[in-house]
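Each chain, letter by letter, is given below.
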Amino acid sequence: MPGAAGGARRRRIFVAAKRVGLSLMQPVASVIIATVIGGVVMAAFGFDPFSGYAGLFRYAFLSEFNFTVTVLNSIPLIFTGLAVAFAFRCGLFNIGAEGQLMVGSLFAGWLGTLISLPMVITVPLLLIVGAVTGALWALLPGILKATTGAHEVITTMMMSWIGLYLTSYLVKNVLMDPRTTLPASNLISEQARLLTLNRVLPFLFRSPTRLHLGVVLAVLAAVFIWYLLTRTSLGFEVRAVGSNPFAAEAGGVSVRRNVIVALLISGALAGLGGTVEVMGLHYRVYDHFSAGYGFTGITVALLAKNHPLGVIPAALLFGALTNGGAGMQLKAGIPIDIVDVLSGVIIFLVAAEELFNALKRRQEKRSLLSRSMGGAEIDGRSEA
Amino acid sequence: MEEHIQTSRGPESADTVVRLTGISKFFPGVVANDRIDLDLRRGEIHALLGENGAGKTTVMNVLYGLYEPDAGAIEIEGRQVRIPSPRTALGLGIGMVHQHFMLIQKFTIAENVVLGHEPHTRARTLDLREARRRLRELSDTFGLEVDPDRKVMEASVGMQQRAEILKALYAGAKILILDEPTAVLAPQEVDDLFGTVRSLTKQGLSIFFISHKLEEVTEISDRVTVIRRGRVVGTLDTPSTTKRELAQLMVGRDVVLQVEKEEHAAGKEVLRVEDLVVRDQRGLTALKGVSFAVREGEILGVAGVDGNGQIELEEGIIGLRKSASGRILFGEEDITSHGVRGRIDRGLGLVPQDRQKRGLVLDFDLAENILLGNQWKRPYARLLGLDYDYIRAQARSAVEEFDVRTPGIEVSARTLSGGNQQKLILAREIRRGPRVLVAAQPTRGLDVGSIEFVHSRLLELRAKGVGIILISYELEEILSLADRIIVLYEGEVVYQVAGAGAARETIGLAMTGGLAGE
């Protein structure tokens, strides 16, 4: 019966829409509340919050140039946000994305200075090298977690510092042009660079832009990760392990294998993030070029509630804050530190919201228990 | 509107310690309690009988201050009271022992019992010696034996329960609510508990006893109130009623208490376990060289008291735990080295004992829970990802076939009641078409209707030639279903017998170690 099937489909879409709406509500509310609190802080220090926010908004969005810089800022954040979110869906907290990003960009950039094959070969090759080396940097924590249970928060962090100092050493001692003082590698070959968007879509831009194809890759990565998580058995197994490893195991899922795979994919995403920066923006590997993208990625994932598509607007927000904040400082004289206040409050609220959710879940469980007393757990331990 | 039997409402007497009048409690979309009237007399054991989800625990949670009622009044000792929190309830002399214990695992029993009312020395430090002394005094008075210095995590379930009761008594409880207290106990422990409960009432305590088991209600209670769908359908004096009458009140229809089992010959052997040794979580040998075989169309009952290697057997067979030595043969093939996936592929299925931990991903929806264990197989999985249209169709037909009560397949498994969660697991495992099914505690905590359902499904599988290993702590269940019975005691098979010739007493003796070493 087509009518009934259509009804079921409509119902499913309705349920899905409701779920999306509900899950959007809280991050959006967090941002709004953070904005108000940020305003109060500005006023308390004698700044006019309205002109401050006007400045921030203007320098983040209003003009082709400002907007492209905002998007440019958000590209690495989309990758690192995805990296953190993906691992999190497997129940893993990859806080070493910063190191994976640097290591990936280093090896991709290095290769980029060495080869000058046609672009159709060079570009994919470098992207693969960046992803693979980033993944390899997450491999050891993955293996340690799977075999000994060593906590990934410690091991990814340790590997991150090793990666940061390793890249720093290699850039300064091996890749750096000895005739210059710039702590950076040589330029990568023309064929290794991602095209700027005004060269691909000239009709969209009035003036030349630095915005490059990396933004397309970032969005594609988000869509790919979303598909992987929600539509494939690999994603299903990753989520099952993240949600209940015991049941996953009984369902024929290897927890160890999935822990390693999830960290590999997470590391690959972070590595890609760095690689795209080098190939699209800097055209060389600077020592310490990452402005904490790996760490901001944690915040991005948190705000996106670990949803791959939610990572895009979340990254955009943080891209806008850095860009607009700089403008605000320059034009309205309000210190850029207010941006840190804003992101701090956002993190706090999103985290508090998790707390709120946990409380709500407990409430639900209690009301559930009245319906299913026999099998369900009795909650209310704290009261007893 | 429905039959309302009220045979035992005696004259108003000062001996009524609790009186609940017109208690109603609503949850979103559910009327959990609908104008419940209930009273408790001094020194009586008053059973609350009803199916899972009938509203027994809810009304007791109201009395214990966990919920505030939406309507109705509570009188304690003739005085109308409001009970906003368990603390208030304890102050009024009401204690509750939940089905799942609320003890701190790493504390000793003495520490747990005094928690919240700790005795102090003069220097205001915790006086554990005094705590121990008072605990011993209480446990002597009421005949509740515990080891005060044992950590809860190392105490047996029975002892943990006694600790919970002592905790309520220590806090000054005169009215005790026991929520399904036998659900976690072995048969011997149940007898001990009943003895304890009786001695408590002799000391003047009054007890609400929540249960869905007719057997124990008729054995232990003075009066019984049957609750169905949030309403009281009758309060009866236990001696003047019958199990059949209670069952009928409880489910609103006649229940077949006896399982109808067709006789048929079992086929050839499908699974053979040889000298299987499996270690437990702590690395101790929990299964010490167990051997048995299951044939097609046969139910092999594994009897035994909780904690004698059942979990290790369940997980050893399905491949969740590696065997330290021994072999598992599936047909002719040695599957000892295969993982869970390999064994599922060959036709092994598991209905796990711990259904919320092992059986379901509670935050996944019903469709994805049906998918679990099929995610690598066609037609669930295709070349590029999963076929969610097919998965949803499968889930819908599974829900329908197994009568899982749910508003839809897109709700999370967490929202289902215990019985429906179990039906969902059964649906998944049975529809997979196993050749051998390990069913561990398949009816634990389920109501009469669901138990009947599960049993008839297992018998259907048996008729289709599936070999079934039924691990259960309920001897009744094994006696009524199994074709052959083995008894596990301390990780060894100490007794085996054909189901037909099984003497309950001998099995009971074997379960408690009375036959070990012979």
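Everything quoted here is computed from the prediction, not taken from an experiment.

> Looking at this structure, I do not really get the overall build of chain B. What am I missing?
Each helix and strand in chain B was counted, giving 17 helices and 23 strands. On C-alpha atoms alone, chain B measures out to a radius of gyration of 25 Å, which is about the 24 Å that the 2.2 N^0.38 rule sets for 518 residues. If you line up chain B on its principal axes, its C-alpha atoms span 70 × 55 × 50 Å. Of all 518 residues assigned to chain B, the portion counted as buried reaches 49%. Intrachain contacts of chain B at a sequence separation of at least 6 include 69% that bridge at least 24 residues.

> Teacher, can you tell me more about the overall build of chain A here?
Summing up its helical and strand segments, chain A has 14 helices and 0 strands in all. Helices (α) and strands (β) of chain A occur, in sequence order from the N terminus, as α-α-α-α-α-α-α-α-α-α-α-α-α-α. A compact globule built from 384 residues would reach a C-alpha radius of gyration of about 21 Å, and chain A, at 23 Å, matches this within 12%. The dimensions of chain A, computed from C-alpha atoms along their principal axes, are 75 × 55 × 50 Å. Counting all 384 residues of chain A, 48% fall into the buried class. Excluding contacts between residues fewer than 6 apart, the proportion of contacts in chain A whose partners are at least 24 apart in sequence is 74%.

> I keep staring at the confidence of the model for chain A and nothing clicks. Help me out?
Predicted coordinates in areas of low pLDDT are best not read in detail. For chain A, per-residue confidence averages 88 on the pLDDT scale, and 90% of positions sit at 70 or higher. Below a pLDDT of 50 lies the segment residues 368-384 of chain A, which in the model reaches 56 contacts outside its immediate sequence neighbourhood of four places, other chains included.

> It is not clear to me how the sheet that holds strand S14 (residues 299-303) of chain B should be interpreted in this structure. Could you clarify?
Backbone hydrogen bonds hold the strands of a sheet together, and the pairing may be parallel or antiparallel. Residues and elements named next belong to chain B. Here we have 6 strands laid out as an open sheet, ordered S17-S20-S21-S14-S22-S23, and mixed in their pairing. The two strands at the open ends of the sheet, each matched to only one other strand, are strand S17 (348-351) and strand S23 (492-498). Sheet twist, expressed as the average angle between the axes of neighbouring strands with direction ignored, equals 20 degrees. Sheet contacts for helix H17 (residues 504-511): S14, strand S22 (484-489) and S23; angle to S22, the most-contacted strand, approximately 30 degrees.

> For this particular structure, what's the right way to read helix H8 (residues 214-231) of chain A?
Since the α-helix turns once every 3.6 residues, residues separated by three or four places project in the same direction. All names here are of chain A. Over its 18 residues, H8 runs 25 Å from end to end, which matches the ideal 26 Å to within 8%, given 1.5 Å per residue. Within H8, the full set of buried residues consists of Gly 214, Val 215, Leu 217, Ala 218, Ala 221, Ala 222, Ile 225 and Leu 229. For H8, the angular spread of buried residues about the axis comes to 160 degrees, placing them on one side. Contact partners of the buried residues in H8: helix H3 (64-89), helix H9 (233-243), helix H11 (255-282) and helix H13 (311-332).

> Would you mind showing me how to read H3(A) here?
Residues and elements named next belong to chain A. Helix length check: H3, at 26 residues, gives a terminal C-alpha distance of 36 Å against a target of 38 Å (1.5 Å per residue), a fit within 8%. The largest bend along H3 reaches roughly 30 degrees and is located at Ile 75, with the proline Pro 76 sitting one to four residues downstream. Most of H3 is tucked away: 21 of the 26 residues are buried. Among the residues trailing H3, Gly 91 stands out with phi positive, at a value near 80 degrees.

> In this structure, what is going on with the environment of B:Gly465? I would like to understand it.
Residues and elements named next belong to chain B. As for its position among the elements, Gly 465 is in the loop between helix H15 (448-463) and strand S21 (467-471). Judged by the 16 C-beta atoms lying within 10 Å of it, Gly 465 falls in the partly exposed class. When the C-alpha positions of Gly 465 and Val 436 are compared, they lie 9.2 Å apart, and in sequence the two are 29 residues distant. Among all residues touching Gly 465, those that are not within four sequence positions of it are Gly 267, Glu 296 and Gly 297.

> Would you take a moment to explain the environment of A:Met159 for this structure?
Residues and elements named next belong to chain A. Positionally, Met 159 belongs in helix H6 (residues 152-175). The class for Met 159 is buried, based on 23 C-beta atoms found within 10 Å. Sequence separation between Met 159 and Ala 97 is 62 residues; the distance between their C-alpha atoms is 9.6 Å. Residues in contact with Met 159, not counting those within four places in the same chain, are Gly 96, Gly 99, Trp 137, Leu 140 and Pro 141.

> Please explain the sheet that holds strand S16 (residues 333-334) of chain B as it appears in this structure.
All names here are of chain B. In spatial order, the strands read S13-S12-S15-S16; together these 4 strands make up an open sheet with antiparallel pairing. With one partner strand each, in any of the chains shown, strand S13 (285-295) and S16 form the two edges of the open sheet. Pairing between strand S15 (residues 323-330) and S16: 2 bridges, direction antiparallel. The partner of Leu 329 across the bridge, within S16, is Asp 334. Each of strand S12 (269-279), S13 and S15 touches helix H9 (residues 310-318); the most contacted strand, S13, lies at about 60 degrees to it.

> Could you clarify how one ought to interpret the packing of H3(A) against H8(A) in this entry?
In a packed pair of helices, the relevant descriptors are the angle between the two axes and the axis-to-axis distance. Residue and element names in this part refer to chain A. Across the interface, H3 lies against H8 with an axial gap of 9 Å and an inter-helix angle of 15 degrees. As the angle between them shows, H3 and H8 are arranged roughly parallel. In this structure, H3 meets H8 at a crossing whose hand is left-handed. Across the interface between the two elements, Val 71, Ile 75, Ile 78, Phe 79, Leu 82, Phe 86 and Arg 89 of H3 pack against Gly 214, Val 215, Ala 218, Ala 221, Ala 222, Ile 225 and Leu 229 of H8. For the contact of H3 with H8, the residue count by class is 12 nonpolar, 1 polar and 1 charged.

Analysis parameters
Residue numbers restart at each chain and count upward from 1, following the sequence in its written direction. Whichever chain is written first is A, and whichever ligand is written first is 1; the rest continue in order. In keeping with the model being predicted, local features are shown solely for residues with a pLDDT of at least 70 and side-chain atom pairs are shown and tallied solely at 80 or more, while totals for entire chains, interfaces and linings include all residues. Strands here mean DSSP runs of E at least two residues long; helices mean DSSP runs of H or I at least four residues long; both are numbered from the N terminus. In this setup the radius of gyration rests on C-alpha atoms only. A globule is expected at 2.2 Å times the number of residues raised to 0.38. Exposure is read from a count of other C-beta atoms within 10 Å of each residue's own; the residue is exposed at 12 or fewer, buried at 20 or more and partly exposed in between. C-beta atoms are placed from the backbone. Residue pairs qualify as contacts under a 7 Å threshold applied to their C-beta atoms, which are placed from the backbone. Every residue carries a pLDDT, the predictor's confidence in it, which falls somewhere between 0 and 100. If DSSP finds at least two bridges between two strands, the strands pair. Between N-to-C directions, angles cover 0 to 180 degrees, with each direction set by a line fitted to C-alpha atoms, over the stretch in contact for helices. In a helix, the anticipated span is given by 1.5 Å times the number of residues less one. Here, the arc refers to the directions that run from the helix axis to the C-beta atoms. One axis is fitted to the seven residues ending at the residue and one to the seven starting there. The bend at that residue is the angle between these axes. Should an angle lie under 35 degrees it is considered roughly parallel, over 145 roughly antiparallel, and from 65 to 115 roughly perpendicular; all remaining angles are considered oblique. The hand of a helix crossing depends on one turn: near helix anticlockwise from the far one by less than a right angle means left-handed, and clockwise means right-handed. Under the grouping applied here, Gly and all other residues not named as nonpolar or charged are polar, the nonpolar ones being Ala, Val, Leu, Ile, Met, Phe, Trp, Tyr, Cys and Pro and the charged ones Asp, Glu, Lys and Arg.

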